[in-house]
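Summary of the model geometry
What follows is the residue order along each chain.
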Amino acid sequence: MRYIRPLSIEDAVDEFAKAVGPAAILAGGSDLLVRMKGGFIEPELIVDIKAIGGLADITETADGFKIGAAVPCAVLGENKALRKAWPGVVEAANLIGSKQVQGRCTITGNLCNASPAADSVPALVAAGAKAIVAGPSGKRTIAVEAVPTGPGRTSLAKGEIIEAILLDKRPDHAGDAYLRFIPRTEMDIAVVSAGVNLTLDDKGAIKTARVALGAAAPTVLLVEEAGQVLIGSKLDEATLERLAKICSGACRPIDDKRGTIEFRRKVAGVLAQRAAAIAYKRAGGK
């Protein structure tokens, strides 16, 4: 096994692309090291990206926020500007693991681990976040929801590394929220989850909306119909009932020891309603 710590994204991509056997990216390592210890993966090469300039930084620009791939989730919660603009995204990221894990884990790692139950991903999808992907052919920017293709699988080609996550600048009267159901009070995997992001017009009606569900299908679901049903409303009871029905119907969950199909469908609708109500209030709705 080889371990390298490149100082540029170009060198990281080059080494990652040239790897003959299995290779892995080390950002926080909270997923990678567990998988290695469990014998699920034995990389021939580990590329540690934490020393690459900018990848451990959160940068606020005129367009929004750029979150480097090696930024720990704990740091997201310490950034007041990011927390104010995207509270749902930060809250979702801060639910990953324990306090100790928070100091290491990253939202990019959470995304690339491609678990359907990942906490930060539904919030990022609802937020319309994008990923900057660096590879042998250069860089490209894609929607976050285009990265996972199934449990443990992504759309990234050989040698490609996610360099950063982009979040747009927030307009006035905007809010987002993320909620999950877990059997325990903390440090558990979501049985089902929901992220909602919306903006309001000057009269308090919803102008734009995105709704995403986690642990409800092989990948996080962007439920476009659920977002559409919210537009034009002020979250009256009838709209919330339609939202729950659409989200429940969009689910493609499994039966396992943590939850049944019927339970997950029901809870998905309930969480979508509650997350929408929180996002609406944060946007200034009454």
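Residues numbered from 1 in each chain as written. Predicted model: local features only at pLDDT ≥ 70, side-chain atom pairs only at ≥ 80, totals over all residues. Heavy atoms only, no water.

Further remarks concern the overall build of the chain. A count of helical and extended segments in the chain gives 11 helices and 14 strands. A compact globule built from 286 residues would reach a C-alpha radius of gyration of about 19 Å, and the chain, at 19 Å, matches this within 12%. In terms of its C-alpha atoms, the chain occupies a principal-axis envelope of roughly 60 × 45 × 35 Å. A burial count over the chain gives 52% of its 286 residues as buried. (Helix = DSSP H or I, 4+ residues; strand = E, 2+ residues; numbered from the N terminus. Rg over C-alpha atoms; globule rule 2.2 N^0.38 Å. Buried < 20%, exposed > 50% of the residue type's maximum accessible area, 1.4 Å probe, protein only.)

Here we take up helix α10 (residues 237-250). Taking 1.5 Å as the rise per residue, α10 with 14 residues should run 20 Å; its terminal C-alpha atoms sit 20 Å apart, in good agreement. Turning to α10, its buried residues number three or more, namely T239, L240, L243, A244, I246, C247 and S248. The inward-facing, buried residues of α10 abut β13 (206-214), α9 (224-230) and α11 (261-282). Between the side-chain oxygen of the N-cap and the backbone nitrogen of A238 there are 3.2 Å, and the N-cap of α10 in question is D236. (Expected span 1.5 Å × (residues − 1). Contact = heavy atoms within 4.5 Å. Polar contact = N/O pair within 3.5 Å; in protein donor to acceptor, adjacent residues only side chain to side chain.)

Okay, the sheet that holds strand β2 (residues 23-26) next. Reading across the sheet, the 3 strands line up as β1-β3-β2 and stay open at both edges, with parallel pairing between neighbours. Edge positions in the sheet fall to β1 (2-4) and β2, since each has one partner strand and no second. The average undirected angle you get between the axes of adjacent strands in this sheet is 20 degrees. Direction of pairing for β2 relative to strand β3 (residues 45-48): parallel, over a ladder of 4 bridges. In the strand pairing of β3, A23 is matched with L45. Across the sheet, helix α1 (residues 9-18) touches β1, β2 and β3, and the angle it forms with β3 is around 170 degrees. (Pairing = 2+ DSSP bridges. Axes fitted to C-alpha atoms, helices over the stretch in contact; angles between N-to-C directions.)

A few words now on the packing of aromatic side chains. Tallied over the entire structure, the rule returns 1 aromatic pair. With centroids separated by 5.3 Å and ring planes inclined at 70 degrees, the aromatic side chains of F181 and F263 adopt a geometry described as edge-to-face. Of this pair, F181 sits in strand β11 (residues 174-181) while F263 sits in helix α11, and the two are 82 residues apart along the sequence. Over the ring of W86 we find R170, and its NZ or CZ is 3.6 Å from the ring centre. (Phe/Tyr/Trp six-rings, centres within 6.5 Å; stacked < 30°, edge-to-face > 60°. Lys NZ or Arg CZ within 6 Å of the ring centre and 35° of its normal.)

This brings us to the side chain of D176. Structurally, D176 is set in strand β11. In this structure, D176 is buried with no salt-bridge partner, the nearest side chain bearing the opposite charge being R170 at 4.3 Å. Setting aside residues up to four positions removed in sequence, D176 forms contacts with A85, W86, P87, G88, V89, R170, V196, N197, A279 and R282. (Lys, Arg positive; Asp, Glu negative; His and termini not counted. Salt bridge = Lys/Arg side-chain N within 4 Å of Asp/Glu carboxyl O.)

This part takes up the sheet that holds strand β7 (residues 138-143). Here 5 strands make up an open sheet; going across it, the order is β4-β5-β10-β6-β7 and the pairing antiparallel. Each having just a single partner strand, β4 (58-61) and β7 make up the two edges of the open sheet. Strand-to-strand, the axes of this sheet are offset by a mean angle of 25 degrees, without reference to chain direction. By the bridge criterion, 5 bridges tie strand β6 (residues 130-135) to strand β10 (residues 161-168) in an arrangement that is antiparallel. In the sheet register, A134 faces β10, and the bridge partner there is I161.

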